[in-house]
Amino acid sequence: MADAATVRRSRITPERAAELYEAVLDLLREVGYDALTMDAVAARTRSSKATLYRQWGGKAELVARAIRHGKPGHISDVDTGTLRGDFLAVVHREDDCAMEQNSALMRGLAMAVHNNPDLLAAFREQLIEPEMAALRAMVARAVDRGEVAPDNPALPFVVHMMIGAFATRALIDEQPPTQEFLRSYIDAVVLPALGVPTT
């Protein structure tokens, strides 16, 4: 039997949901999370506020799902046969322009995430936990293939290294992450820490 969330979410077509998510992302870029209201989303999408609440429960869930929808595919689908290939495939899912837009959007949401427990919970469920699990699965496959020693001391920090590259580029260099920067970072930092050749 379908659970209540599935029943609740079955009333809007995937196409209509995609339109709503795009509108939410546009509003986030325009006004930020704190100023974004369900009234504004309803007006922008010609929806009723009641429909939005029935479908998503609230602003935090809607925003987290919109961000998840805006990401290209799932990194759990990546399996090139090598750890370097997997990491580079993840980097190549977005071009530099998309990475810059998404990086700016996530910087704008960073404070809101830390100040809003509902948003943090929704982000953890929709984005953080699935991506961490997928990265850990990539590394586990590399260990199983013998690419990475199972006792390598850098293993617990792979997620931190990968997310850190995205999150700190703008802070330290005042530039968005780019494919070239991330490729260089993976080859200079992540793979050597794991004892994986970069050629």
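Bear in mind the structure is a predicted one, so any value in this text is a computation, not a measurement.

A. Broad picture of the overall build of the protein. Regarding its fold elements, the protein presents ten helices and zero strands. Along the protein, helices and strands appear, N-terminal first, in the series α-α-α-α-α-α-α-α-α-α. Principal-axis analysis of the C-alpha atoms places the extent of the protein at approximately 55 × 45 × 30 Å. Within the protein, the proportion of its 199 residues that are buried is 38%. Put simply, the protein shows about 10,700 Å² of open surface, and 56% of that area lies on carbon and sulfur atoms. Within the protein, one finds 22 positive and 27 negative side-chain charges whose respective centroids are separated by 6 Å.

B. Unusual backbone geometry, seen in detail. Residue R46 is not a glycine yet carries a positive backbone phi of 55°. With respect to the helices and strands, R46 occurs in the loop between α3 (38-45) and α4 (49-56). By relative accessible area, which is 78% here, R46 ends up exposed. In this structure, E174 takes a positive phi of about 55° despite not being glycine.

Reading the values: rules and limits
- Residues numbered from 1 in each chain as written.
- Predicted model: local features only at pLDDT ≥ 70, side-chain atom pairs only at ≥ 80, totals over all residues.
- Heavy atoms only, no water.
- Helix = DSSP H or I, 4+ residues; strand = E, 2+ residues; numbered from the N terminus.
- Buried < 20%, exposed > 50% of the residue type's maximum accessible area, 1.4 Å probe, protein only.
- Areas by Shrake-Rupley, 256 points an atom, 1.4 Å probe, with all protein chains shown as cover.
- Lys, Arg positive; Asp, Glu negative; His and termini not counted.
- Charge placed at Lys NZ, Arg CZ, Asp CG, Glu CD.

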